[in-house]
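Now for the letters of each chain:
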Amino acid sequence: GEVGARNHRQVLNPSAGAIVAFAFSLKVLLFPAYRSTDFEVHRNWLATTHSLPLSEWYVDETSQWTLDYPPLFAWFEYLLSRLAALFDGEMVVLTQLGYASRATVAFQRSSVIATELVLILAAYLHCRRVSRRAFPLLAFLIALNPGLLLVDHVHFQYNGLLLGVL
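Residues numbered from 1 in each chain as written. Predicted model: local features only at pLDDT ≥ 70, side-chain atom pairs only at ≥ 80, totals over all residues. Heavy atoms only, no water.

Peer 1: For this particular structure, what's the right way to read the side chain of Lys27?
Peer 2: One can find Lys27 in helix H2 (residues 14–29). Here Ala143 takes part through its backbone oxygen, which lies 2.8 Å from a polar atom of the side chain of Lys27. Contacts of Lys27, omitting those with residues within four sequence positions, involve Ile113, Glu116, Ala143, Leu149 and His153. (Helix = DSSP H or I, 4+ residues; strand = E, 2+ residues; numbered from the N terminus. Polar contact = N/O pair within 3.5 Å; in protein donor to acceptor, adjacent residues only side chain to side chain. Contact = heavy atoms within 4.5 Å.)

Laid out in C-alpha cells, this is it:
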C-alpha cells in the first residue's frame, strides 16, 4: 500500500527523471554532430537485413560493410530495419551507399537513445531491490557516461542495450 508507493516514488524521484531528461535532450542536440563510418555500416546492415533473404545476409557484398556481427544482432538490425523503412524508405535500399538523409540520421541516433533506456531500466530495477537511494546517482552515471556517449552515440553502437540485458 502506502509504503510500497512511497518506496516507488523514492526510487523514481524528480532528480533521476531530470537527469535522464537532460541527458536525452543533450543527445538530441547532438543529432547533427559528427558521425563515424559506423553510421554507414549500420545503415547498410539495416538495408541488408531489410532487403535480402536471411540466406544472403552474411554473404552479400553490395557494400564493403558486410554484415559481420553475430546472428542475434543481425536479427536486432532486421527489427530496426522494419521501423527504419517507416522513417525513410530510401534508408533501407541496399544500393543507396552513403545515404544520410536527416530522417536517417535522426532514426539511427534515436534508436541508440531508445535502446539505452534498457540499461537505465535495468539500473532502476536493480536499485528497487538493493539501494533505493542510489538510483539518481546511477542514472547520472549511465545517462551521461562519456564512454557510452562516444562509442554508442558517435559510432552507432548499442552497448547500452547489451549492458542492460546483461
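Peer 1: Sorry if this is basic, but what is going on with the packing of helix H5 (residues 102–129) against helix H6 (residues 135–143) here?
Peer 2: The relative placement of two packed helices is expressed as an angle between their axes plus a distance between the axes. One way to put it is that H5 packs onto H6 with a least axis distance of 10 Å and a crossing angle of 160°. With respect to H6, the axis of H5 lies roughly antiparallel. Relative to H6, the crossing made by H5 is right-handed. Note on element contacts: H6 touches H5 through Phe135, Leu138, Ile142 and Ala143, opposite Glu116, Leu119, Ile120, Ala123, Tyr124 and Cys127. (Axes fitted to C-alpha atoms, helices over the stretch in contact; angles between N-to-C directions. Parallel < 35°, antiparallel > 145°, perpendicular 65-115°, else oblique. Left-handed = near helix turned anticlockwise from the far one by under 90°.)

Peer 1: Could you clarify how one ought to interpret the packing of aromatic side chains in this entry?
Peer 2: When we look at a pair of aromatic rings, we describe it by the centre distance and by the angle of the planes. Within the structure shown, the criterion is met by 12 aromatic pairs. Between Trp45 and Phe73, the aromatic rings sit 6.2 Å apart at their centres with planes inclined by 80°, giving edge-to-face as the arrangement. Of this pair, Trp45 sits in helix H3 (residues 38–51) while Phe73 sits in helix H4 (residues 71–87), and the two are 28 residues apart along the sequence. Relative to Tyr78, the ring of Trp57 has its centre 5.9 Å away and its plane inclined at 35°; by these criteria the two rings are tilted. A residue pair is termed long-range when its members are at least 10 positions apart, and Trp57 in the loop between H3 and H4 and Tyr78 in helix H4 qualify at 21 residues. With relative accessibility at 3%, the residue Trp57 sits in the buried group. An aromatic cluster of three or more residues is present, and its members are Trp45, Tyr69, Phe73, Phe76 and Tyr158. Over the face of the ring belonging to Phe39 we find Arg35, whose NZ or CZ atom lies 4.8 Å from the ring centre. (Phe/Tyr/Trp six-rings, centres within 6.5 Å; stacked < 30°, edge-to-face > 60°. Buried < 20%, exposed > 50% of the residue type's maximum accessible area, 1.4 Å probe, protein only. Lys NZ or Arg CZ within 6 Å of the ring centre and 35° of its normal.)

Peer 1: In this structure, what is going on with the pattern of salt bridges? I would like to understand it.
Peer 2: Note that side chains of opposite charge can pair when their charged atoms are close. On inspection of all chains with the given rule, the structure shows two salt bridges. The salt bridge partner of Glu116 is Lys27, with a shortest N-O separation of 2.3 Å. Of this pair, Glu116 sits in helix H5 while Lys27 sits in helix H2, and the two are 89 residues apart along the sequence. Close ionic contact of Arg43 with Glu40 constitutes a salt bridge, the shortest N to O distance being 2.9 Å. In this pair, Arg43 and Glu40 both sit in helix H3, three residues apart, roughly one turn of the helix. (Salt bridge = Lys/Arg side-chain N within 4 Å of Asp/Glu carboxyl O.)

Peer 1: Looking at this structure, I do not really get the nonpolar core. What am I missing?
Peer 2: Here is a general trend for soluble globular proteins: nonpolar side chains tend to be buried in one another's company. One finds Leu46, Phe76, Leu80, Ala84, Met91, Phe107 and Tyr158 to be the most contacted residues of the largest nonpolar core, which totals 23 residues. Among the secondary structure elements, those contributing two or more residues to this core are H3, H4 and H5. (Core = buried A, V, L, I, M, F, W, Y, C linked by side-chain atoms within 4.5 Å.)

Peer 1: How do you make sense of unusual backbone geometry when you look at a structure like this?
Peer 2: When glycine is set aside, most residues are seen to have a negative phi, and most peptide bonds are trans. Non-glycine residue Phe156 carries a positive phi angle of around 55°. Here Phe156 is to be found in the loop between helix H7 (146–155) and helix H8 (159–165).

Peer 1: In this structure, what is going on with the packing of H4 against H5? I would like to understand it.
Peer 2: Here H4 crosses H5 at 135°, and the two axes come no closer than 10 Å. When the axis of H4 is compared with that of H5, the two are oblique. The interaxial crossing formed by H4 with H5 has right-handed handedness. Within the contact between the two elements, H4 uses Phe76, Leu80, Leu83, Ala84 and Phe87 and H5 uses Ala103, Phe107, Ser111 and Thr115. In the contact of H4 with H5, the residues fall into seven nonpolar, two polar and no charged. (Nonpolar A, V, L, I, M, F, W, Y, C, P; charged D, E, K, R; others polar.)

Note that all results are geometric; they support no functional claim without further evidence.
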